[in-house]
Amino acid sequence: MVRIDCYLSCRQAVRQLSHSAVSGVEKEGGRMDRDTLLAASLKSHREGDLTGAREGYRQLLDSDPDDADAIRLLGIAALQGGDLAMAKELLERAVDLTPESIPALYNLGLTYRQMRSFERSEQAFRRLLTFDPDHVGALGNLANLQLQSGKIREADVIYRRALRLSPDTPEFLANHGLCLAALGQPDQAVRSLERAVRRQPNDPAFAAALGRTTHRLGPQQDVGVWARLALRSPSGPVHLQHSRALKRAGATEAAYNAALRAAGLMRGNEAGQLTCARLALELGRPHDARMHARNAARISGGSAESLFMTGMSLSHLRRPAQALAAFREAIRIEPSHDEARVALASLLANDGLTDESDAVASEIVDQQAWAGALKAMRVTALEKSRRGAGVDLLRDTLIRERPSATLALAFANVAKSEEEREEALGYLRRCPRTSGNELTVRFAVAGLLDKLGRYDEAWEELLHANAKYALPYDARREEEHLASVRRSLDADYLRASPDSGHAGRPIFIVGMPRSGTSMTEQMLDRHSRLTGVGESGAIDWAFAQASSLLAGGLQYPTLARAVGARELEMMAKSYLQQVHSAALSDGRTVDKMPGNYRRLGAIRKMFPQAAFVWSRRDWRDNVLSLFFGDFSSQHQYAYNLHHAVHCYRTHLGYMEHWKSIDVPVYEHHYESAIEDLESAAAALLAALGEEFEERCLAFHESERTVTTMSWQQVRRPLYKTSRGRWRRYEAGLREVLGDVIDDEDLDAL
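So, here's what we can say about the structure. (Residues numbered from 1 in each chain as written. Predicted model: local features only at pLDDT ≥ 70, side-chain atom pairs only at ≥ 80, totals over all residues. Heavy atoms only, no water.)

Across the sheet, which stays open at both edges, the five strands sit in the order S2-S3-S1-S4-S5 with parallel pairing between neighbours. This sheet does not close on itself; its edge strands, each paired only once, are strand S2 (530–534) and strand S5 (666–669). Direction aside, the axes of adjacent strands within the sheet are offset by 25° on average. By the bridge criterion, five bridges tie strand S1 (residues 507–511) to strand S4 (residues 611–616) in an arrangement that is parallel. Opposite Gly-511, over in S4, you have Ser-615 as the bridge partner. Sheet strands touched by helix H30 (residues 517–525): S1, S2, strand S3 (588–591), S4 and S5. Its angle to S2, the strand with the most contacts, is close to 145°. (Pairing = 2+ DSSP bridges. Helix = DSSP H or I, 4+ residues; strand = E, 2+ residues; numbered from the N terminus. Axes fitted to C-alpha atoms, helices over the stretch in contact; angles between N-to-C directions. Contact = heavy atoms within 4.5 Å.)

Going through the model one piece at a time under the given rule, you end up with 42 salt bridges. Between Arg-34 and Asp-35 there is a salt bridge, and its shortest N-O distance comes to 2.8 Å. A relative accessible area of 3% places Asp-35 in the buried class. Across the pair Asp-450 and Arg-725 runs a salt bridge whose closest N-O atoms are separated by 3.2 Å. Of the two residues, Asp-450 sits in helix H26 (residues 438–451) while Arg-725 sits in the loop between helix H38 (677–687) and helix H39 (730–737), which places them 275 residues apart along the sequence. An identical accessibility class is assigned to Asp-450 and Arg-725; each is buried. (Salt bridge = Lys/Arg side-chain N within 4 Å of Asp/Glu carboxyl O. Buried < 20%, exposed > 50% of the residue type's maximum accessible area, 1.4 Å probe, protein only.)

Side chains of nonpolar character tend, in soluble globular proteins, to be buried together. Tyr-57 and Leu-210 are the most contacted members of the largest nonpolar core, which has 105 residues in total. In contact with Tyr-57, not counting residues within four places along its chain, are Leu-38, Ser-41, Leu-42, His-45, Ala-70, Leu-73 and Leu-74. (Core = buried A, V, L, I, M, F, W, Y, C linked by side-chain atoms within 4.5 Å.)

For Ala-475, the position within the fold is in helix H28 (residues 475–488). Considering only alpha carbons, one finds Ala-475 and Cys-647, 172 residues apart in sequence, at a separation of 8.0 Å.

The subject of this paragraph is the packing of aromatic side chains. The full count for this structure, using the stated rule, is 15 aromatic pairs. Both rings, one in Trp-459 and one in Tyr-729, keep their centres 5.9 Å apart while their planes meet at 35°; by these two values the pair is tilted. Placement of Trp-459 in helix H27 (residues 455–469) and of Tyr-729 in the loop between H38 and H39 is noted, with a sequence separation of 270 residues between them. Overall, Tyr-729 belongs to the buried group, its relative accessible area being 2%. Three or more aromatic residues joined by ring pairs make a cluster, and in this case those are Tyr-455, Trp-459, Phe-627, Phe-628 and Tyr-729. Geometry around Phe-543 places Arg-599 over its ring, the cationic atom sitting 4.5 Å from the centre. (Phe/Tyr/Trp six-rings, centres within 6.5 Å; stacked < 30°, edge-to-face > 60°. Lys NZ or Arg CZ within 6 Å of the ring centre and 35° of its normal.)

The element S1 is largely enclosed, with a buried count of five among its five residues. Residues Ile-507, Ile-509 and Gly-511 of S1 are buried on one face, and the alternating residues Phe-508 and Val-510, pointing to the opposite face, are buried as well. Where S1 lies against S3, two bridges are found, and the strand directions are parallel. Across the sheet, Phe-508 pairs through a bridge with Asp-591, a residue of S3.

A few words now on the environment of Pro-403. One can find Pro-403 in the loop between helix H23 (389–400) and helix H24 (405–414). Given a relative accessible area of 5%, Pro-403 falls into the buried group. A sequence separation of 28 residues divides Pro-403 from Cys-431, and the C-alpha atoms of the two residues are 5.1 Å apart. Not counting chain neighbours up to four residues away, the residues in contact with Pro-403 comprise Leu-398, Tyr-427, Arg-430, Cys-431 and Pro-432.

Moving on: the packing of helix H18 (residues 304–316) against helix H19 (residues 320–333). Close contact between H18 and H19 brings their axes to 8 Å; oriented N to C, the two are set at 160°. Comparing the axis directions of H18 and H19 gives the class roughly antiparallel. When you trace H18 past H19, the crossing you get is left-handed. For the pair H18 and H19, the contacting residues are Ala-304, Leu-307, Phe-308, Thr-310, Gly-311, Met-312, Leu-314 and Ser-315 in the first and Gln-322, Ala-323, Ala-326, Phe-327, Glu-329, Ala-330 and Ile-333 in the second. (Parallel < 35°, antiparallel > 145°, perpendicular 65-115°, else oblique. Left-handed = near helix turned anticlockwise from the far one by under 90°.)

In short, the description is geometric, and any link to function would need to be established separately.
See below:
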């Protein structure tokens, strides 16, 4: 429930009494001294000088202990100052002296409510309404009390009375919306709450109340309400709730972009930065997550949540010592922060400090909620120290107890032999499924069936999982964006528009997800002069900063045409700051954000000496691999084969456009690397102007954290079974896609 602001109510009462006092001066010339002092005290009260006001009221009471105005106003000052006992005593006395005093009854009702004397509060407001039936403040508070006590229908009737008198009061609209939701009228509830948010878009309480209500409508309506509000009433709280709705709908990338807008509008509020940090981690962008966590810590002065998110980003960046320190500090500030304890225990376990890890885990408040995660953590640590130890621990637990989804999934991840995979399959099929884990379990089952060679069963499981996800994909919008890029960033743009003049030589690996981008980055990261930064997202951040600086908030690709050399240099420096490449001396960064293929021309203007590597793979294997992946909403097209093919063709359209206007792109083919890794690696390094180093061939020995779907593949040498994998599923693919699967090459859009 959104409470009506007591302070505003008191202030309104003070204003009302000041007017009556002034009129008294005009009518009762014989009371000039008293009224002059009262007027001066009221002036102090209105200006927020409670000390001065109280002193004036006490002087009046010294002269006349039964001065009802002074008693009433001193009671209101006590209420505003938080002295509820004194406010109660004074306002009860004021009501005894002037039983029909509207301000005294109103503020007495507020005092009782704050003292949690709800029955007395209701009596005060009802008594007031006998004298003034249209007092909107009393009606609103009385309705709140009914809602709070579970008298929903009575609350509905009273809210409607209040709204007839004051139809645009945000508090009434918001609370009536909550009332309607409780009555099982979600559509009407949303309309009422939406009106409240439109009238007060910067109030996070109203936005949060609407968010809790839209959540019940389903993903499409949930996102629709917030998209509409983001256009009509853009504000930080609105964009933040839009981000959460998009996340609930599975559109993590879009959620992150909305959170960025929220953070830009809520510069003094850490909520936007923390939301950005969590989403950046989910998207596999730990550098961005760390930046947002630092921003949140700067805003809050170092809250437990900001330190926890700092620790999470440092952990993903393979900086365990710094991550440990951040988690410990978060727990020191907030000992009940269970997530920080789980993260700290996990890091300690991975370092072999099992006794200390167990001690930290033993102090987790909600042991039941985290039991599965803690067990999975121990399994991972054991498996790392001794092959089979994690499997043995899990097997013992899974046999004795009903298998949880968390533990069954952990077993599936460490299962290596055919027998272990069959066993994992049994656990996954027996574990309880919920709306939160069903898809992950289905994709894990499909993956195990594939590894066991049971392709027909794997295909059926895949069809069920992907059909259930069914995320929206706007093909027309993708095509319009491609057309806009072709028009705006043509050969004339590349030839005639200014560039930054920056001497940096970063390397950008682009292409479709699951095309070999992770393997290529891991291979290059093994080189002594190259450092991988993962899917940094720093290009998106640089463009977002430039957009915020330019009038009108231009978006790409229009933005790319509008920026000059100075802005491009700022964007280049912003990018390098995000990936921390200033510390690499003469080395080069390797950024493997696949979706950067949409921006190669503009990136070329930021870094005239950048190198671009296009990771390519047989489109049929690529699309099938996408269909097998539980991407947690990062790629909406991946859950529908037709959408995946459309996205693949769109990506071809971008790449052919860049090549047609002479953006230098090196094509690195996944199949060539599988056939002859040494030759493919040597050719790639030569194209990048780097000497061949044999250690690049042992990319699977890298200890870097990989947060994308390819994490298992890059932890082992190249395996040739992934080439031509689509043929095992040819019948199913043909049934869905038709004879297009006979074409080795797709036409670009």
